[in-house]
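Summary of the model geometry
If you want the building blocks of each chain, they are given just below.
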Amino acid sequence: MPARNGASRPRYRDRMRLVIARCSVDYVGRLTAHLPSAVRLVLVKADGSVSIHADGRAYKPLNWMSPPCAIAEEPGVWRVTNKAAEQLVITLEEVLHDSTHELGVDPGLRKDGVEAHLQVLLADRPDAIAPGLTLVRREYETGIGPVDLLCRDSDGSTVAVEIKRKGEIDGVEQLTRYLVRLDADPALPHPVRGILAAQSITPQARLLAADRGLGCAVVDYDELRGLEPSIPTLF
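To keep things clear, this report deals only with the structure shown in the data block.

What counts as what
Residues numbered from 1 in each chain as written. Predicted model: local features only at pLDDT ≥ 70, side-chain atom pairs only at ≥ 80, totals over all residues. Heavy atoms only, no water. Buried < 20%, exposed > 50% of the residue type's maximum accessible area, 1.4 Å probe, protein only. Helix = DSSP H or I, 4+ residues; strand = E, 2+ residues; numbered from the N terminus. Pairing = 2+ DSSP bridges. Right-handed = clockwise from strand over helix to strand, strands pointing away. Axes fitted to C-alpha atoms, helices over the stretch in contact; angles between N-to-C directions.

**Focus on the pairing of strand β11 (residues 192-201)**
- Where burial is concerned, most of β11 is hidden: seven out of the 10 residues are buried.
- Judged from the nine bridges that link them, strand β10 (residues 158-167) and β11 form a sheet pairing that is parallel. Counted as the bridge partner of Val-159 is Arg-193 from β11.
- The parallel pair β10 and β11 is bridged by helix α2 (residues 169-183), and the resulting crossover is right-handed.
- Bridge count between β11 and strand β12 (residues 215-218): four bridges; the pairing is parallel. Among the inter-strand pairings, Ile-195 is bridged to a residue of β12, identified as Gly-215.
- Considered for its hand, the β-α-β crossover made up of β11, helix α3 (residues 203-212) and β12 is right-handed.

The following block contains the structure:
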């Protein structure tokens, strides 16, 4: 039975939690924002992210907190804090549903022809993303999906590359989630940094990437098709 009063209940690692509740939400950080009381979906993913959804806006949340973040649950109030000390304060007036679900490892999105071919081309020419990059592995599994290219830079550090046909905010969020997992991978040389590579990147995605400490690389698909691979082949 779901709790009706917002009381704290045990958290489950590696599971997704769905809470439907009448709630208000306050964001406190570099600016302030307020969502007045309404029935909403609070989504806590296994990667630690928290997002607030309404019955509209398709997949886009009204507000969210990217991982890593800490969730402090008190009766009637959740306080979600990220590493920059920004907070989402969720005031729960009535909880209508509260459940957890283990989704397991997702096989990832199957890319369309251009995006899949772009990944193949950049795997052959990682130096087209950034000078000095060398390929370690394609489709390196993070536990929540594979990052497109795992590379190493000239300093020996790990570089995770996520490839998109068009770089948007969703791509930045996806790469951010992967980096959280890769940072905790003891098998990788550290530090681990990320680069979003795409044929074009929106200004909003560039701004968010800069805030997250991620790099951006614009690549030319047609030009790449005319380049010789930097990785030797037999024929």
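After presenting the structure, the write-up continues.
**Looking at the sheet that holds strand β3 (residues 50-53)**
- Read across the open sheet, the seven strands follow the order β4-β3-β2-β1-β7-β6-β5; overall the sheet is antiparallel. Where the open sheet ends on each side, the last strands, each with one partner, are β4 (63-65) and β5 (69-74). Shown here is a sheet whose adjacent strand axes are inclined to one another by a mean of 30 degrees, direction ignored.
- In terms of strand pairing, strand β2 (residues 32-44) meets β3 through four bridges, oriented antiparallel. By the bridge assignment for β3, Leu-41 is matched with His-53.

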